[in-house]
Amino acid sequence: MPATGPHRRARAATAALRTAPWWTSVLLGLVCLLLGLLLTTRPLTSLSALGLLIGLAAITAGTADLLATYRSHAGAAATATALAWIGFGIAVLAWLGRALDLLAPAVALALVVGGALRLVRAARGDLDERLTTAVLGLADIVFGVLAWRWPDVTVLVVAFLFGIRTVFFGLARIGDGLAALDDRTPGPTPTAPRRTPARYRRPAVAVLALLVAVAAAGVAVRLRAGSPVVDAFYTAPHRMPDHPGALLRAEPFTRAVPDGAEAWRILYTTTRDDDQPAVASALVVVAKNAPPGPRPVIAWAHGTTGFAEPCAPTLLDDPLGAGALPAESALLDDPLGAGALPAESALLDRGWALVATDYVGLGTAGPHPYLIGQGEGRSVLDAVRAAHRLDHLDLADRTVVWGHSQGGHAALWAGLLAPTYAPDTPVAGIAAMAPASDTVALTTGLDTVPGGSVFASYVLAAYTAVYDDVDGDTYVGPAARTLVREMATRCLSEPAVYVSVLSALSLSRDRSVLRTDPTTGPLGRRLAENVPTGTTAVPVLLAQGATDSLVTAAVQDGYVRDRCAENWALDYRSYPGRDHLGLVAEDSPLVPELLTWTEQRLVGIAAPGTCPGR
């Protein structure tokens with residue numbers, strides 16, 4: 001029976017594919033290689049280009065696979081696999097590239113399904129072909145599972161993994177084309193044997209792809225294993241006192257405690273900014289050989305460690321030191337200190353007791369009030385209240401609050417809240433070091449800071465969780481929502497934060513993740529509410545690094561002018577050559593001045609001021 005027109009055209013197309021010249025495979029392989037390298041080395045140079053790259057890579061790979069399928073008479077399953085990749089690429093170009101929330105699982109599913117189909121095809125062909133197909137199928141499945149299960153999977157990781165897969169696929173297609181060229185070359189003679197058998201090219205590429213996939217899986221396991229784990233200590237009891245500052249639980253703490261000191265990890269009650277009961281944790285440290293009598297209290301408010309529950313400093317190996325600084329140093333030229341407590345040994349040698357809160361939502365149930373003043377300040381004050389209830393520890397009714405960065409913001413709020421919220425906890429002074437004082441200006445400036453999108457993600461996560469009128473999707477563009485959401489789940493101390501580092505550095509080459517000015521609308525109003533302003537008689541030492549690129553001197557100068565207008569007892573000191581973290585380093589000139597200023601507040605000496613007229 002003669003073939004109909006459509007059938008004739010299909011058979012002609014099949015014949016054309018089977019007789020395509022060897023260089024078509026090489027050309028398609030080179031295109032796949034180029035697209036794969038772009039995805040792997042610069043996956044987020046442009047968020048809008050990500051879907052385009054993945055879509056083109058899938059279509060090119062599918063076309064190359066289809067060519068190889070027809071050339072080798074691989075059968076219907078292989079043809080279906082190739083057509084599925086082409087269809088997936090078209091779907092990405094048409095739709096998924098604009099819906100990045102769906103792109104990550106779609107790529108993962110495509111890799112797993114494609115790998116499974118390769119394993120089915122491995123039952124056909126000669127031994128070399130079966131082994132090569134099976135190994136490539138396993139590599140696809142491993143890459144797909146990684147894309148789905150990588151700790152806090154992001155579009156960045158999916159793009160990177162898909163890019164690696166496309167690189168190896170391109171190498172395999174180049175090998176196919178070279179093998180076809182070899183087939184057209186006259187066979188070897190007894191006197192001139194071939195030196196490079198073509199049969200080993202594709203198996204070698206397949207084995208290399210599987211080795212890379214297994215290595216990536218090992219990295220993923222290591223990243224997950226290095227993440228902080230919240231233990232049962234932080235779980236609130238079923239019955240709790242109905243007042244803040246109650247001590248719920250205490251246990252000895254030994255990690256990174258200085259010689260000659262002893263410490264306790266405590267769990268206590270506090271309240272959120274809406275007066276809802278909450279639970280927070282803290283660390284209390286004292287010197288063993290301190291002279292008898294009540295010990296003055298230094299309440300320490302730490303800098304940014306993250307937004308999620310596992311980000312509590314008391315979960316780190318070094319909760320008061322630089323436990324998270326390596327990861328943060330990769331984020332910023334002026335990194336935030338996870339601990340970064342200045343003069344720890346010096347304050348203990350003076351017989352002072354250290355009370356360092358984790359804040360609500362770090363260690364304990366969230367949300368964490370990141371740069372939300374009421375929640376931060378109450379956590380600081382209630383930690384001191386709870387520490388007074390520790391057995392065999394005699395604490396004085398004299399407290400000075402120290403805080404750095406986010407902690408400086410918390411310290412300023414603690415000073416404002418103490419007279420009304422915790423009148424039983426008199427605050428003799430506030431030392432705010434590079435404080436995130438002007439939350440509006442800080443959030444606006446994060447776009448200009450390398451890695452600032454990580455901290456912007458914490459702000460958005462906190463404000464959308466705490467305030468019902470703030471909708472994060474209003475401020476974040478659709479293409480960046482997955483990235484911003486996943487950044488907020490990582491702590492600055494965990495190895496997986498390097499995925500956030502890569503995302504942040506990639507985003508720095510793209511337009512802002514924010515599509516709406518954060519100083520407008522509900523978010524802008526809430527940020528303004530959390531600038532520490534108002535009347536206070538508590539003496540304040542505000543220290544600022546002159547070269548700080550995160551909390552800039554210009555922003556701090558403006559904040560100080562406004563506080564002087566409110567008649568604050570403010571001593572403003574600037575330190576040339578000191579950046580954000582360098583301000584609280586051991587060799588910083590701030591450190592001896594901080595100790596002297598604190599000693600004077602604890603004995604009641606009148607505080608100096610730098611505001612005009614004081």
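What you see is a predicted model, and the numbers here were worked out from it, not measured in a lab. (Residues numbered from 1 in each chain as written. Predicted model: local features only at pLDDT ≥ 70, side-chain atom pairs only at ≥ 80, totals over all residues. Heavy atoms only, no water.)

J.: Give a description of the pattern of salt bridges that names residues and reports values.
T.: Counted according to the given criterion, the structure contains twelve salt bridges. Among the salt bridges present, the one from D469 reaches R526, with a minimum N-O distance of 3.3 Å. Here D469, found in the loop between α14 (452-466) and α15 (472-475), pairs with R526, found in helix α18 (residues 521-529); they are 57 residues apart in sequence, far enough to count as distant. Residue classification places D469 among the partly exposed residues on the basis of a relative accessible area of 33%. Through salt bridges with shared partners, a single network forms among D231, E251 and R265. (Salt bridge = Lys/Arg side-chain N within 4 Å of Asp/Glu carboxyl O. Helix = DSSP H or I, 4+ residues; strand = E, 2+ residues; numbered from the N terminus. Buried < 20%, exposed > 50% of the residue type's maximum accessible area, 1.4 Å probe, protein only.)

J.: So what about the packing of helix α11 (residues 373-387) against helix α12 (residues 406-421)? Which residues, and what values?
T.: For any two helices packed against each other, one specifies the inter-axial angle together with the distance between the axes. Close contact between α11 and α12 brings their axes to 7 Å; oriented N to C, the two are set at 70 degrees. On the basis of the axis angle, α11 is roughly perpendicular to α12. Residues G373, Q374, E376, G377, R378, V380, L381, D382 and R385 of α11 form the contact with α12, whose own contacting residues are Q406, H409, A410, W413, A414, L417, A418 and Y421. When the residues that make up the contact of α11 with α12 are grouped by side-chain class, the tally is eight nonpolar, five polar and four charged. (Axes fitted to C-alpha atoms, helices over the stretch in contact; angles between N-to-C directions. Parallel < 35°, antiparallel > 145°, perpendicular 65-115°, else oblique. Contact = heavy atoms within 4.5 Å. Nonpolar A, V, L, I, M, F, W, Y, C, P; charged D, E, K, R; others polar.)

J.: Go over the packing of aromatic side chains with me, naming the residues and quoting the values.
T.: One pass over the structure, following the stated rule, counts five aromatic pairs. Aromatic pair F455 and Y458: ring centres 6.1 Å apart, planes at 85 degrees, arrangement edge-to-face. Taken together, the residues span about one helical turn, with F455 and Y458 both in helix α14 at a distance of three residues. Note on Y559 and W568: the rings are 6.4 Å apart at their centroids and 90 degrees apart in plane angle, and the pair reads as edge-to-face. The pair Y559 / W568 is uniform in exposure class, with both members buried. Members of the aromatic cluster, joined through ring pairs, are Y370, F455 and Y458. The positively charged end of R563 is found above the aromatic ring belonging to W568, 5.9 Å away from the centroid. Taking NZ or CZ as reference, R601 lies 4.9 Å from the ring centre of W597, over its face. (Phe/Tyr/Trp six-rings, centres within 6.5 Å; stacked < 30°, edge-to-face > 60°. Lys NZ or Arg CZ within 6 Å of the ring centre and 35° of its normal.)

J.: Give a detailed account of a nonpolar patch on the surface, specifying residues and quantitative values.
T.: Residues W23, L27 and V31 make up a contiguous nonpolar surface patch of about 290 Å² in total accessible area. Within the secondary structure, V31 is located in helix α2 (residues 22-41). (Patch = residues over 30% accessible without salt bridge, like charges linked within 9 Å, V, L, I, M, F, W, Y side chains within 5 Å. Areas by Shrake-Rupley, 256 points an atom, 1.4 Å probe, with all protein chains shown as cover.)

J.: If you had to explain the state of the cysteines to someone new, which residues and values would you point to?
T.: Here the structure, examined in full by the defined rule, presents two disulfides. Across the disulfide, C311 is cross-linked to C491 (sulfur-sulfur distance 2.1 Å). In this structure, the disulfide formed by C311 and C491 twists by about -90 degrees around the S-S bond and is classed as left-handed. Linking C311 in the loop between β4 (295-301) and α9 (325-331) with C491 in the loop between α16 (481-487) and α17 (497-507), this pair joins segments that are 180 residues apart in sequence. C491 shares its class with C311; the two are buried. Two residues, C564 and C611, share a disulfide whose sulfurs are 1.9 Å apart. (Disulfide = S-S within 2.5 Å.)

J.: Please provide a residue-by-residue account of the packing of α14 against α18, values included.
T.: Following both chains from N to C, one finds α14 and α18 inclined at 95 degrees, their axes separated by 11 Å at the closest point. In terms of their interaxial angle, α14 and α18 are classed as roughly perpendicular. Where α14 abuts α18, its residues V459, L460 and Y463 lie against L523, R526 and L527. Residues of the contact of α14 with α18, tallied by class, amount to five nonpolar, no polar and one charged.

J.: Give me the side chain of Q556: which residues, what numbers.
T.: Relative to the elements of secondary structure, Q556 occurs in helix α19 (residues 553-565). Given the relative accessible area of 0%, Q556 is considered buried. Within polar-contact distance, the side chain of Q556 engages the side chain of S437 at 2.5 Å. Ignoring sequence-local partners within four residues, the contact set of Q556 consists of A434, P435, S437, L542, Q544, V551 and Y572. (Polar contact = N/O pair within 3.5 Å; in protein donor to acceptor, adjacent residues only side chain to side chain.)

J.: Could you give an account of the sheet that holds strand β9 (residues 570-575), with specific residues and numbers?
T.: Reading across from one edge, β1-β2-β3-β5-β4-β6-β7-β8-β9 is the order of the nine strands in this open sheet, with mixed pairing throughout. Both edges of this open sheet fall to β1 (247-253) and β9, since each of them pairs with a single strand only. Each strand of the sheet is rotated relative to its neighbour by a mean of 20 degrees, with strand direction disregarded. Across five bridges, β4 lies against strand β5 (residues 353-357) in parallel orientation. By the bridge assignment, V297 is partnered in β5 with A353. Where α11 meets the sheet, its contacts fall on β1, β2 (261-271), β3 (277-287), β4, β5, β6 (395-404) and β7 (427-433), and the angle it forms with β2 comes to roughly 120 degrees. (Pairing = 2+ DSSP bridges.)

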